[in-house]
Amino acid sequence: MQYELKDEYIELYKLFKLLDLVDSGAEAKLIIADGHVKRNGEVELRKRAKIRSGDVIEVADVTVEVL
């Protein structure tokens, strides 16, 4: 899956909400805090991590390439 940024960056939990990968922001924050998310191959625990163009986000069986 690909996502094209409209601004300089998007916060990680907001990206999940925008792509309908979660039902709520609270659910997104929980998934991130529990260590289920990888950013560029490394576990990302920061809910508000600034996701920028070129980042690859992995959660469960979904991979998001940020353009």
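Let us look at the structure shown here. (Residues numbered from 1 in each chain as written. Predicted model: local features only at pLDDT ≥ 70, side-chain atom pairs only at ≥ 80, totals over all residues. Heavy atoms only, no water.)

Description of the overall build of the protein chain
Step number 1: Each helix and strand in the protein chain was counted, giving two helices and seven strands.
Step number 2: Each helix (α) and strand (β) of the protein chain, taken in turn from the N terminus, gives the series β-β-α-α-β-β-β-β-β.
Step number 3: For 67 residues, the compact-globule estimate of 2.2 N^0.38 gives 11 Å, and the C-alpha radius of gyration of the protein chain, at 10 Å, lies within 12% of that figure.
Step number 4: Once the 11 positive and 14 negative side-chain charges of the protein chain are each reduced to a mean point, those two points are 7 Å apart. (Helix = DSSP H or I, 4+ residues; strand = E, 2+ residues; numbered from the N terminus. Rg over C-alpha atoms; globule rule 2.2 N^0.38 Å. Lys, Arg positive; Asp, Glu negative; His and termini not counted. Charge placed at Lys NZ, Arg CZ, Asp CG, Glu CD.)

Some thoughts on the nonpolar core
Step number 1: In this structure, Tyr3, Leu12, Leu15, Phe16, Ile51 and Ile57 are the most contacted members of the largest nonpolar core, which totals 18 residues.
Step number 2: Listing elements by their share of this core, those giving two or more residues are helix 1 (12–18), helix 2 (25–33), strand 6 (56–59) and strand 7 (62–66).
Step number 3: If one sorts the elements of this core by residue count, helix 1 sits on top with four residues.
Step number 4: Apart from residues no more than four positions distant in its own chain, isoleucine 51 is found in contact with Leu5, Glu8, Tyr9, Ile10, Leu12, Leu15, Arg39, Ile57 and Val66. (Core = buried A, V, L, I, M, F, W, Y, C linked by side-chain atoms within 4.5 Å. Buried < 20%, exposed > 50% of the residue type's maximum accessible area, 1.4 Å probe, protein only. Contact = heavy atoms within 4.5 Å.)

Focus: the environment of isoleucine 10
Step number 1: Structurally, isoleucine 10 can be placed in strand 2 (residues 10–11).
Step number 2: On the basis of relative accessible area, isoleucine 10 is assigned to the buried category, the value being 12%.
Step number 3: In sequence terms isoleucine 10 and glycine 41 are 31 residues apart; their C-alpha atoms lie 18 Å from each other.

Focus: the pattern of salt bridges
Step number 1: Inspection of the entire model under this criterion finds six salt bridges.
Step number 2: Measuring nitrogen to oxygen at the nearest pair gives 2.9 Å for the salt bridge that ties glutamate 8 to arginine 52. Separated by 44 residues along the polypeptide, glutamate 8 in the loop between strand 1 (2–3) and strand 2 and arginine 52 in the loop between strand 5 (50–51) and strand 6 bring together distant segments of the chain.
Step number 3: When its relative accessible area of 59% is taken as the criterion, glutamate 8 is described as exposed.
Step number 4: Judged by relative accessible area, arginine 52 falls into the partly exposed class, the value being 32%.
Step number 5: Between glutamate 11 and lysine 14 there is a salt bridge, with its nearest N and O atoms 3.5 Å apart. (Salt bridge = Lys/Arg side-chain N within 4 Å of Asp/Glu carboxyl O.)

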